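Observations on the model geometry
So you can see what is in the structure, the chains are spelled out below.
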Amino acid sequence: MTPLMRLQDPAQTKVVLVTLAETTPVLEAEELNSDLERAGIHPWAWVINNSIAAAHPQTPFLQARAASEIEQITKVHTLTGRVALIPLLPDEPIGEEKLSALTALSSLPA
């Protein structure tokens, strides 16, 4: 079995596309998604990383920046049924404990 065959087998590999909630990164991820689909590789999920909107900022400046992300977040949701939206965090979530804490963030009320 070749490496490409393993990528095409969803029982062996789950492909996750990661992007930012900005126009250029979303367009590039969308192009990569199309290339993968043509190769018979179906991405399992998308991650939108470092989202200001998901961080629910309080200052007017950051609220304006957050509002500008909404269009791209909505676009990603139209491209796939499985999306993780990771807020901009003060520290990188390195390690099992910090990664597990991200799941608690996703269950908080909006």
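Each chain has its residues counted from 1, running along the sequence as written. Totals for whole chains, interfaces and linings use every residue, but because this is a predicted model, local features are given only for residues with pLDDT of at least 70 and side-chain atom pairs only at 80 or more, for both listing and counting. For the side-chain quantities, the full set of heavy atoms in the structure was used; hydrogens and water were omitted.

**Some points on helix α3 (residues 60-79)**
Rule in force here: Secondary structure elements are taken from DSSP: a helix is a run of H or I of four residues or more, a strand is a run of E of two residues or more, and numbering for both begins at the N terminus. Any helix carries an expected span of 1.5 Å times its number of residues minus one. Across the chain, bend at a residue is computed as the angle between axes fitted to the seven residues ending at that point and the seven starting from it. Pairs of residues are marked as contacts when any of their non-hydrogen atoms sit within 4.5 Å.
When the terminal C-alpha atoms of α3 are compared, their 30 Å separation across 20 residues agrees well with the 28 Å that a helix rising 1.5 Å per residue should span. Within α3, the axis deviates most sharply at Ile 70, by approximately 30 degrees. At its buried positions, α3 is contacted by β1 (16-20), α2 (23-38), β2 (45-51) and β3 (83-87).

**Quick look at the nonpolar core**
Proteins that are soluble and globular tend to have nonpolar side chains buried together. Filter applied, for reference: In these notes, a set of buried Ala, Val, Leu, Ile, Met, Phe, Trp, Tyr and Cys residues joined through side-chain atoms within 4.5 Å is what counts as a nonpolar core. Three exposure classes are used, based on accessible area relative to the maximum for each residue type with a 1.4 Å probe and protein chains only: buried under 20%, partly exposed in between, and exposed over 50%.
Leu 36, Trp 46, Ile 48, Ile 73 and Val 76 are the most contacted members of the largest nonpolar core, which totals 14 residues. For this core, the secondary structure elements donating two or more residues are α2, β2 and α3. Every residue in contact with Ile 48, bar those within four places of it in the chain, is listed here: Thr 19, Leu 20, Ala 21, Ile 73, Val 76, Val 83, Ala 84, Leu 85 and Ile 86.

**So, α2**
Just so we agree on the cut-off: The reported arc concerns the directions from the helix axis to the C-beta atoms and nothing else.
Taking 1.5 Å as the rise per residue, α2 with 16 residues should run 22 Å; its terminal C-alpha atoms sit 23 Å apart, in good agreement. Looking at α2, one finds that the buried residues are Val 26, Ala 29, Asn 33 and Leu 36. One face of α2 carries all of its buried residues, which in axial projection span an arc of 80 degrees. For α2, the exposed residues set more than 90 degrees away from the buried face come down to Glu 28, Glu 31 and Arg 38. Check the buried side of α2 and you find it contacts β1, β2 and α3.

**Quick look at the packing of α2 against α3**
Selection criterion: A fitted line through C-alpha atoms serves as each axis, taken over the contacting stretch for helices, and the angle formed by two N-to-C directions is quoted from 0 to 180°. Orientation labels follow simple angle bins: below 35 degrees gives roughly parallel, above 145 gives roughly antiparallel, 65 to 115 gives roughly perpendicular, and whatever is left gives oblique.
The interhelical angle for the contact between α2 and α3, taken along N-to-C directions, is 10 degrees, at an axis separation of 10 Å. Judged on the interaxial angle alone, α3 and α2 are roughly parallel. Note on element contacts: α3 touches α2 through Gln 72, Lys 75, Val 76 and Leu 79, opposite Thr 23, Val 26, Leu 27 and Glu 30.

**Points about unusual backbone geometry**
At Asn 50, a position not held by glycine, the phi torsion is positive, near 55 degrees. Looking at the element boundaries, Asn 50 is found in strand β2. Despite not being glycine, His 56 has its phi angle at roughly 50 degrees, a positive value. When you line up the elements, His 56 lands in the loop between β2 and α3.

**A look at the pattern of salt bridges**
Threshold: By definition here, a salt bridge exists when the distance from a side-chain nitrogen of Lys or Arg to a carboxyl oxygen of Asp or Glu is within 4 Å.
In total, this model carries two salt bridges according to the counting rule given. Between Lys 75 and Glu 30 there is a salt bridge, with the nearest N and O atoms lying 3.1 Å from each other. Linking Lys 75 in helix α3 with Glu 30 in helix α2, this pair joins segments that are 45 residues apart in sequence. Lys 75 gets classed as partly exposed once you look at its relative accessible area, which sits at 26%. Given the relative accessible area of 23%, Glu 30 is considered partly exposed.

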